[in-house]
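Structural description and commentary
Take a look at the letters that make up each chain.
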Amino acid sequence: MDPYEALGVSKTASAAEIKKAYRKIVKESHPDINPGDKAGEARFKAAAAAYDLLKDPEKRARFDRGEIDASGQERPEANYYRNYAGARDNPYRGGQRFDDYEDLSDFFSDFMRSQRGARGGAGHDHMHGFHSDGEDLRYRLEVPFMDAALGGTTRITLPDGSVLQVQIPRGIADGQTIRLKGKGGAPVGKGRQGDALVTVSVAPHKVFSREGDTIRVVLPITIDEAILGGKVEVPTISGPVNLTIPKGASSGQVLRLRGRGIAPRGREDRGDQLVELKIVAPPSVDDELASFFEAWKQKHSYDPRKGMKT
Amino acid sequence: MTTIYTEEQIIAEVPGLDRALLMRFVKARIVVPLEAPARPGPVFGQIDVARLQLACDLCESFDLEDDALDLLLRLVDQLHGVRAELHALVDALEALPEEQRKPIEDRIRRRLAG
């Protein structure tokens, strides 16, 4: 698309006119400010690409002389903020507060609470002048996987250099927020001190992954363990336990260890751990193994792919 | 889990962002880096790429001061938050059988009509 056309300006437009035209399109069509306007999105995309070209006098001159075309200016794949802004784990929005509710999925209490404005906020006290609560300050913290699963403590360094001790409650999940009462901004008058709101991001673990209260591991096993079955040691978040591999196990088979997952806050019963088996061939295939299978397959061939025929 | 960007990586990822601008946005708390005691420096997430892109777009087109930009982004957050909540409510409503849904819709319509 012709960049001048995309911005709705003439080829002789001044830099100021171009900026003004772009500004208007941002205002009316930027997808993050005008959610739900599908046509606007396309208009903004074309205008942004056009502006990226025309705002640079050198590039504009080269384009006018026909040395470059308008291609190559497109922004990389649309990665708009609105794709994240409405998510519950958006750390820039209140989000899910870990400490406020026992029932974390209680949308209604959240919604009603914000409706009624539970917090005092600013206002004139009848006689005693102006009071205002301190501002809540947001922080974001990456927490080691194990601390999130089992609880722990860590510290964050504030922009002013002071250090804040943070208790990580057991079972906290990605995107949840810890409220540290009184660690936020200073109040005015008799308002109360603001809080620090620390939104947690759980770091990945090299062995475990997590879905809610369920822990998942992929457990490598040998060919002989898969064929013959047997007891093997498997890591859990609270130390290794023995797991019985059934005879004739396959890769992808999932075994369940009850009560070895995460205990959410306020509950004693733990989630489960799922163990996905993965058969691993020996590092080298010796003659003995090869000749055994040569002989074996003569009489015992089987077809694990027969269900795939289309 | 989440993709993590270092300062250098996020500057490379967002068109129009340079170190000075990033420092300015961090200082104004327009983006809050992820504190990660286990890593050598502050890091950012996928959401920050999109948020910084929006901040750059707005900053560049309107010459906004930091406070104005912060205010605008807070409103954008609220807008999207309310939209997400409204979507959840509408979804829940749509899942109801007709005879339960209808009276609620009528009530909403009446309230909105004033």
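About the cut-offs
- Residue numbering note: each chain is counted from 1, following its sequence as written.
- Numbering of ligands from 1 and lettering of chains from A proceed in the order in which they are written.
- For this predicted model, a pLDDT threshold of at least 70 governs which residues receive local features, and a threshold of 80 or more governs which side-chain atom pairs are given and counted, while totals over whole chains, interfaces and linings are taken from all residues.
- Heavy atoms from the whole structure form the basis of all side-chain values; hydrogens and water molecules are not counted.
- Put simply, DSSP marks the helices as runs of H or I at least four residues long and the strands as runs of E at least two long, and each gets a number from the N terminus on.
- Relative accessible area decides the class of each residue, using a 1.4 Å probe on protein chains only: under 20% of the type maximum gives buried, over 50% gives exposed, and in between gives partly exposed.
- In what follows, residue pairs with any heavy atoms lying within 4.5 Å of each other are defined as contacts.
- Shrake-Rupley sampling with a 1.4 Å probe provides the accessible areas, and residues are treated as covered by the protein chains on show and by no other component.
- pLDDT measures the predictor's confidence residue by residue and takes values from 0 up to 100.
- Here the expected span of a helix is defined as 1.5 Å times the quantity of residues minus one.
- Put simply, a nonpolar core is a bunch of buried Ala, Val, Leu, Ile, Met, Phe, Trp, Tyr and Cys residues held in one set by side-chain atoms that sit within 4.5 Å of each other.
- Classification of ring pairs rests on two measures: the distance between centres of Phe, Tyr or Trp rings, Trp counted by its six-membered ring, which must be within 6.5 Å, and the angle between planes, read as stacked under 30 degrees, edge-to-face over 60 and tilted in between.
- Distance and angle both matter: a charge sits over a ring if NZ of Lys or CZ of Arg is within 6 Å of the ring centre and within 35 degrees of the ring normal.
- Any Lys or Arg side-chain nitrogen located within 4 Å of an Asp or Glu carboxyl oxygen qualifies as a salt bridge.
- A simple way to read buried area is as the amount of 1.4 Å-probe accessible surface that goes missing from two parts once joined, with both sides added.
- Think of a polar contact as two N or O atoms within 3.5 Å of one another; within protein, one of them needs to be a possible hydrogen donor and the other a possible acceptor, and neighboring residues in sequence only count if both atoms come from side chains.
- Pairing between two strands requires that DSSP report at least two bridges joining them.
- Note on geometry: axes are C-alpha line fits, over the in-contact stretch for helices, and angles between N-to-C directions span 0 to 180 degrees.

Moving on to the overall build of chain A. Regarding its fold elements, chain A presents nine helices and 14 strands. Taken across its 310 residues, chain A has 38% of its residues classed as buried. Across chain A, the fraction of contacts at a sequence separation of at least 24, relative to all contacts at a separation of at least 6, is 50%. A total of about 18100 Å² of accessible surface is found on chain A, and carbon and sulfur atoms cover 53% of it.

With that out of the way, let us pick up the confidence of the model for chain B. Low pLDDT means the predicted atomic positions in that stretch should not be read closely. Residue and element names in this part refer to chain B. Mean pLDDT over chain B stands at 88; residues scoring 70 or higher make up 98%. Averaged pLDDT values for the elements of chain B fall to 85 in strand β2 (residues 34-35) and rise to 92 in helix α2 (residues 19-27). As scored by the predictor, the complex reaches a pTM of 0.69 and an ipTM of 0.79.

A word on helix α3 (residues 46-62) of chain B. Taking 1.5 Å per residue, 17 residues should reach 24 Å; α3(B) reaches 25 Å between its end C-alpha atoms and fits that length. Within α3(B), 14 of the 17 residues are buried, which leaves the element mostly enclosed by the surrounding structure.

Right, let's talk about the nonpolar core for a bit. One broad rule of soluble globular proteins: the nonpolar side chains tend to lie buried together. In terms of nonpolar packing, the biggest core is built from 48 residues, with L7(A), L17(B), F25(B) and L69(B) touching the most fellow members. Within the residue set of this core, elements represented by two or more residues are α1 (3-7), α2 (15-29) and α3 (38-54) of chain A together with α1 (7-13), α2, α3 and α4 (66-94) of chain B. Looking at this core, the element that brings in the most residues is α3(B), giving nine residues. Excluding residues within four positions of it along the chain, L69(B) makes contact with F25(B), I30(B), A55(B), L58(B), C59(B) and L64(B). Membership of the second largest hydrophobic core comes to 36 residues, among which are F145(A), L158(A), V166(A) and I178(A).

Another point: the packing of aromatic side chains. Taken as a whole, this structure holds seven aromatic pairs over all chains when the rule is applied. Ring centres of Y4(A) and F63(A) lie 6.2 Å apart, and the angle between their planes is 45°; on these two criteria the pair is classed as tilted. Placement of the pair is Y4(A) in helix α1 and F63(A) in helix α4 (residues 57-64), with a sequence separation of 59 residues. Y4(A) sits in the buried class, given a relative accessible area of 1%. Ring plane angle 10° and centroid distance 4.0 Å describe the contact between Y22(A) and Y51(A), whose orientation is recorded as stacked. With a gap of 29 residues between them, Y22(A) in helix α2 and Y51(A) in helix α3 connect regions that are remote in the sequence. Per residue, the accessibility class of Y22(A) equals that of Y51(A), and both read buried. Grouped by ring-pair contacts, the aromatic residues F292(A), F293(A), W296(A) and Y302(A) constitute a single cluster. Positioned over the ring face of Y139(A) is R29(B), at 5.0 Å from the centre of the ring.

Take the pattern of salt bridges next. Residue and element names in this part refer to chain A. Applying the stated criterion to the full structure yields 26 salt bridges over all chains. We note a salt bridge from R216 to E276, for which the minimum N-O separation is 3.5 Å. In this pair, R216 is assigned in strand β10 (residues 214-222) and E276 in strand β14 (residues 273-280), connecting sequence segments 60 residues apart. Exposure remark for R216: the relative accessible area of 24% places this residue in the partly exposed category.

Across the boundary between the two partners, chain B contributes 39 residues, which contact 46 residues of chain A. Here chain B packs against chain A, burying approximately 3800 Å² in sum over the two surfaces, 59% of which is carbon and sulfur. Counting across the interface, chain B meets chain A through four salt bridges. Between R23(A) and D63(B) there is a salt bridge, with its nearest N and O atoms 3.5 Å apart. One can count 15 residue pairs in polar contact (both at pLDDT 80 or more) joining chain B with chain A. Counting only elements with at least two residues in the side of chain B that touches chain A, the list comes to β2, α3 and α4 of chain B. Considering each element in turn, the side of chain B that touches chain A owes the most residues, 13 residues, to α3(B).

To continue, consider the sheet that holds strand β13 (residues 254-257) of chain A. Residue and element names in this part refer to chain A. The sheet built from four strands is open, its strands ordered β9-β10-β14-β13 with mixed pairing. For this open sheet the edge positions go to β9 (208-211) and β13, each flanked by a neighbour on one side alone. Strand-to-strand twist across the sheet, computed as the mean angle between neighbouring axes with direction ignored, equals 30°.

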